[in-house]
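For reference, the chains in residue letters:
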Amino acid sequence: MDNNFKLAPSILSADFADLKNALEICKDGGAHWIHIDVMDNQFVPNLTIGPVVVNSLRKKTKKFLDVHMMVINPEKLVEPFARAGADNITFHLEATNKPESIIDLIRSCGCKVGISIKPSTSINQLYPFLDKIDVVLLMTVEPGFGGQGYIEGSNERIRKLRSYLNENCFTNIVIEVDGGIKVHNARDVIDAGADVLVAGSEVFKSKNPVQTIKDFYKILD
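Just so it is clear, the structure is predicted and the values come from calculations on it, not from any experiment.

(A) Region of the structure containing the packing of aromatic side chains. Under the defined criterion, the tally for this structure stands at three aromatic pairs. Their ring planes at 0° and their centres at 3.6 Å tell us that Tyr 127 and Tyr 164 sit as a pair that is stacked. With Tyr 127 in the loop between β5 (112-117) and β6 (135-139) and Tyr 164 in helix α5 (residues 154-167), this residue pair connects regions lying 37 residues apart in the sequence. According to the relative accessible area criterion, Tyr 164 is partly exposed, its value standing at 23%. Geometry around Phe 43 places Lys 118 over its ring, the cationic atom sitting 4.5 Å from the centre.

Right, dumping it as structure tokens:
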């Protein structure tokens with residue numbers, strides 16, 4: 001990997017009473033994306049953000065809004081999030097029996113399309129859809145809560161996916177990695193093949209979130 005990777009701070013770990021400040025932190029630190037974790041307390045055991053919040057964020061930032069839907073029936077939320085201003089909408093392969101129709105729906109709304117899988121789901125299950133999507137989001141913790149540790153063996157999954165993408169000319173697909181990302185392990189994750197790193201608690205729970213974002217971008221200097 002080169003040094004053109006992007007950081008996507010996850011506002012799940014930010015102060016929900018002051019999300020405007022979270023956006024300012026991302027701007028001042030130079031983060032490229034804003035990661036938005038959407039949970040429904042059914043697919044995962046937590047309840048978080050809906051389209052109204054995304055719409056409010058869209059009014060305050062021009063940054064790339066990366067919506068990660070950890071929900072059942074994801075097709076019901078695609079259009080609301082697209083109207084709210086999402087740039088990318090990612091759904092979980094495990095949450096639907098009709099991934100192709102959801103891919104088509106997201107694309108028809110004018111958004112980039114992402115598919116995510118849990119750590120226990122085989123990389124091979126992504127292969128039939130790679131010619132139709134823009135982003136693969138690999139979870140490196142069990143989805144549902146922030147602050148978890150990076151699962152051992154995740155880098156090998158990233159390498160496997162990167163190798164498959166390169167060998168099959170899917171070089172435009174972005175590999176995004178979400179879960180347990182820290183400044184100290186980011187270099188290894190990028191070297192394994194990641195393009196975008198999601199970091200929540202590492203950024204927003206740090207003493208100096210702006211500097212922490214900058215530190216991520218310095219790791220390949």
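(B) Quick peek at helix α8 (residues 209-218). Within α8, burial applies to Pro 209, Thr 212, Ile 213 and Phe 216. Buried positions in α8, seen along its axis, are confined to an arc of 100° and lie on one side of it. Residues of α8 that are buried in the fold lie against β1 (6-9), α1 (19-29), α6 (183-192), β8 (196-199) and α7 (201-204).

(C) Quick look at the environment of Cys 169. Relative to the assigned elements, Cys 169 resides in the loop between α5 and β7 (174-178). The spatial distance from the C-alpha of Cys 169 to the C-alpha of Val 141 is 28 Å, given a sequence separation of 28 residues.

(D) Here's a closer look at the nonpolar core. Counting residues in each nonpolar core, the largest one holds 63 residues, and the members touching the most others are Ile 36, Ile 89, Leu 126, Leu 138 and Leu 197. Here this core takes five residues from α1, the largest share from any one element. Among all residues touching Leu 197, those that are not within four sequence positions of it are Phe 5, Lys 6, Leu 7, Ala 8, Val 177, Ile 181, Ala 186, Val 189 and Ile 190.

(E) The sheet that holds β5, seen in detail. The strand order across the open sheet built from eight strands is β1-β8-β7-β6-β5-β4-β3-β2, with neighbouring strands paired in parallel fashion. Among the strands making up the open sheet, the edge pair consists of β1 and β2 (33-39). For this sheet, the mean inter-axis angle between neighbouring strands, taken without regard to orientation, is 25°. The pairing of β1 with β8 spans four bridges and is classified as parallel. By the bridge assignment, Ala 8 is partnered in β8 with Val 198. Relative to the sheet, α8 contacts β1 and β8, its axis offset from that of β1 by approximately 155°.

So, how was this worked out
Residues numbered from 1 in each chain as written. Predicted model: local features only at pLDDT ≥ 70, side-chain atom pairs only at ≥ 80, totals over all residues. Heavy atoms only, no water. Phe/Tyr/Trp six-rings, centres within 6.5 Å; stacked < 30°, edge-to-face > 60°. Helix = DSSP H or I, 4+ residues; strand = E, 2+ residues; numbered from the N terminus. Buried < 20%, exposed > 50% of the residue type's maximum accessible area, 1.4 Å probe, protein only. Lys NZ or Arg CZ within 6 Å of the ring centre and 35° of its normal. Arc of directions from axis to C-beta. Contact = heavy atoms within 4.5 Å. Core = buried A, V, L, I, M, F, W, Y, C linked by side-chain atoms within 4.5 Å. Pairing = 2+ DSSP bridges. Axes fitted to C-alpha atoms, helices over the stretch in contact; angles between N-to-C directions.

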